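Secondary and tertiary structure notes
The residues making up each chain are set out below.
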Amino acid sequence: MIGRLNGPLIFVAIIFLFGFIVIYTSQSNERTRLRILQKETRNRFQSPTSEVKTSNTEPRLNVILLTFMSSGSTVVGNIFNLHPDVFYIYEPLHALRRIVYGDEWRVLNKSQNDAFRKDFSTLVRDLFTCGFQENRTIELVFPRWERKHNQWYNKSTPLTKESLRKACNARRITVTKIMQTRLPREIGIAELEQVCRSDPSKFDCLIVHLVRDPRAVLSSVIKRQIIGESARSLSPQGIASLKNNARLLCSLVSENLEYVKTEWSNWFKSRYILVRYEDAISDMSKAVYDMYKCIGLPMVETTAHWIEGAPPSGRIHVSGMLISNTDIATIDNWRFRENSSRVSTCEEACGPLMEAIGYISINGSENLQHNKSKALRIPNIPFLRGLR
């Protein structure tokens, strides 16, 4: 009896063992497949920047940091400059506007402005495509004194058209810092839009519009003697120059905002961010998170350490690129540096703009001006509420 049962038992045992082997082999293969997939995923997101490959079929994203001098753009620009997936270009229009066409504060006549617009468009397209085909690009955009501002730059590698293409294409996103006064004169942001829309199969754009309290900007202009006189006392000519600068600054920004509002649904809705410097410097972690999220960048250790005040390792430290412990404390220093008369001059020229972006006028009140417990900006930006 026992002998007769051994055959069926052995058969069942063999079937069971075979099933176990099949299941185990299947699970083992699945674990191997998952390990390979995880390794590929880690490589894709953690590879050194030099190994990142961009797709020729996807339009390249170009982020434009549009701002005005003394608006905190060096610090905010470093949010992008430090990221290994970003090819950062520091003020590419500096030489073209200042050296080729003269002082950016001087209004160009029509023929000059038309010529500048053409050169501007050609140069910016060359950057946005990572093409670097133009003979003057290196000379104009990457003079030796500016190279140290770009985190990707390696002084041991000669800067050539080919090395620029390689460095640019090794990173997913290009970020350029552009000063408003160095754009063609009509409505600068419209000129940027025109370039951005010129070849949608090759590139697209997102504009980060960085603004600061005009009173703080103009106080810095006076302090740096950009208007040509000592900050302590201004002559009648100096006061006139201050008024002109205030009108220029605020009219340029106001015209940009009005154009964005008009064209919001046509192009800007998913391509425009308005950032106040005071908000960013007061909560840099939130500012970085918000901008990275909008652009599609992950947080990286380099940026996280920089937010905490640690300088990037192995780099030349450029003034203004590090976050100082006093930055938050000094954003309102203009309130004690300038007399109420100068502040009123600024407010007369910039009142509508200040209201649109949420800054509070002192209207000649020295008590309000000097009372640091009273914030001179409201929490939200009124302009953004009106966008549909």
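Quick caveat: nothing in here was measured; it's all calculated off a predicted structure. (Residues numbered from 1 in each chain as written. Predicted model: local features only at pLDDT ≥ 70, side-chain atom pairs only at ≥ 80, totals over all residues. Heavy atoms only, no water.)

Focus on the confidence of the model for the chain
Confidence in the prediction for the chain averages 82 pLDDT; 78% of positions are at 70 or higher. Averaged over each element, pLDDT in the chain is lowest for helix α1 (residues 2–46) (43) and highest for strand β4 (residues 203–211) (97). Note that pLDDT drops below 50 for residues 1–5; the model gives that stretch zero contacts with residues more than four away or on any other chain. For residues 20–55, every residue scores under 50 in pLDDT, and the model assigns this stretch 15 contacts once sequence neighbours within four places are set aside. (pLDDT = per-residue confidence, 0-100. Helix = DSSP H or I, 4+ residues; strand = E, 2+ residues; numbered from the N terminus. Contact = heavy atoms within 4.5 Å.)

Things to note about the sheet that holds β4
Taken together, five strands build an open sheet; the order of strands is β2-β3-β1-β4-β5 and the sheet is parallel. Sheet topology places β2 (86–89) and β5 (272–276) at the edges, where each strand pairs with a single neighbour. Put simply, the sheet's adjacent strands are angled 20 degrees from each other on average, direction ignored. Note that β4 and β5 share five bridges and pair parallel. Its bridge partner lying in β5, Val208 is registered against Ile273. Contacts from helix α8 (residues 188–196) reach β1 (60–67), β3 (173–179), β4 and β5, with the element oriented near 160 degrees to β4. (Pairing = 2+ DSSP bridges. Axes fitted to C-alpha atoms, helices over the stretch in contact; angles between N-to-C directions.)

Things to note about the pairing of β4
When you tally the buried positions in β4, you get eight out of nine residues, the bulk of the element. Bridge count for β1 against β4 is seven bridges, and the pairing is parallel. Within β4, the residue paired with Asn62 across the bridge is Cys205. (Buried < 20%, exposed > 50% of the residue type's maximum accessible area, 1.4 Å probe, protein only.)

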